[in-house]
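# Structural overview
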Amino acid sequence: MTNRLKLVTWNINSVRLRMPIVERLLAEVQPDVLCLQETKCPDANFPEKAFKAAGYNHIAINGQKGYHGVATVSRLPLSNVEKREFCQMGDSRHIAVDVELAGQAVRVHNFYVPAGGDEPDPEKNDKFDHKLKFMNEMKNWLTGPETAKPAVLVGDLNVAPYEHDVWSHKQLLKVVSHTPIETELFEAVRESGNWLDAMRQFTPMEEKLYTWWSYRAKDWSKADKGRRLDHVWVSDPLKSAIKSTEVLRDARGWEKPSDHAPVVADFVM
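Reading the values: the criteria
- Residues numbered from 1 in each chain as written.
- Predicted model: local features only at pLDDT ≥ 70, side-chain atom pairs only at ≥ 80, totals over all residues.
- Heavy atoms only, no water.
- Phe/Tyr/Trp six-rings, centres within 6.5 Å; stacked < 30°, edge-to-face > 60°.
- Helix = DSSP H or I, 4+ residues; strand = E, 2+ residues; numbered from the N terminus.
- Buried < 20%, exposed > 50% of the residue type's maximum accessible area, 1.4 Å probe, protein only.
- Salt bridge = Lys/Arg side-chain N within 4 Å of Asp/Glu carboxyl O.

This part takes up the packing of aromatic side chains. Applying the stated criterion to the full structure yields 10 aromatic pairs. Ring centres 6.0 Å apart and planes at 70 degrees place the aromatic pair phenylalanine 86 and tryptophan 141 in the edge-to-face group. Of this pair, phenylalanine 86 sits in the loop between β5 (79-82) and β6 (94-101) while tryptophan 141 sits in helix α3 (residues 126-141), and the two are 55 residues apart along the sequence. With a relative accessible area of 13%, tryptophan 141 lands in the buried category. Their ring planes at 40 degrees and their centres at 6.4 Å tell us that tryptophan 195 and tryptophan 233 sit as a pair that is tilted. With tryptophan 195 in the loop between α6 (180-192) and β9 (196-197) and tryptophan 233 in strand β12 (residues 230-234), this residue pair connects regions lying 38 residues apart in the sequence. With respect to burial, tryptophan 195 and tryptophan 233 carry one shared label: buried. Put simply, the rings of Phe86, Phe111, Phe134 and Trp141 touch in pairs and so form one group of aromatic residues.

Per the counting criterion, the structure on display carries 16 salt bridges. With a closest N to O distance of 3.5 Å, lysine 52 and glutamate 48 form a salt bridge. One end of the pair is lysine 52 and the other is glutamate 48, both in helix α2 (residues 48-53) and 4 residues apart, which spans about a single turn. The class of glutamate 48 is partly exposed, set by a relative accessible area of 30%. In this structure, aspartate 165 and arginine 200 form a salt bridge, with 2.8 Å as the shortest nitrogen-oxygen distance. Taken as a pair, aspartate 165 in the loop between β8 (151-156) and α5 (169-172) and arginine 200 in helix α7 (residues 198-202) lie far apart in primary sequence, 35 residues in all. By relative accessible area, which is 0% here, aspartate 165 ends up buried. Taken together, the shared-partner salt bridges connect Asp165, Asp197, Arg200 and Arg228 into one network.

Now the structure itself:
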């Protein structure tokens, strides 16, 4: 029985393409549980052998060809696997598992929320409309039973909710991921289940906090035009157990990187 849990969430932007840096992360960080988003491969093509060779024998996947996809891999046994479909779109954007911590089950939700396209108008842009409907469905579901137990919700939620979650609040107010309609709905989702924003628990609101930097920048680190799109939320019964969170910024500069950096969350019961 373990009373410690190290969890990493990472939008990998194609798990097969970036398996070398995934293996590097597993070797260097040694998480107990790794939650991946945007795996971009059907279940049958998921690189299970590589994960098992690295010591991650417990694997739960919800993938589809070329798009979306989430996977949770673990050194610890996983149980009670659930794949929830949102908006009746057939997209693979959620998987939940139970992992044992200090003798009790902790529910781990792994989400990939739709990005929403470029135009922040649900009447003009079907992708943005889908994003808002997806978050509303999350809000209605992630309450009551889902938050009465120890639970953590992680993933690429594709919203940077606060002023210092983006490089320029003023310039991004009309840019998808930071528009008021998204940030207000995002907070409503979080508050519906009284989820704790664990990353902001350890990084003050007045400090910049990013997890994503665009591929378009010639020197992403120097320009530092980032956004916090990846999140760690914790339910009431688990709030006392979360001890730290960290963005592994250096991983954004690894060879053939994702445009997202991994986020580490440490729990001790």
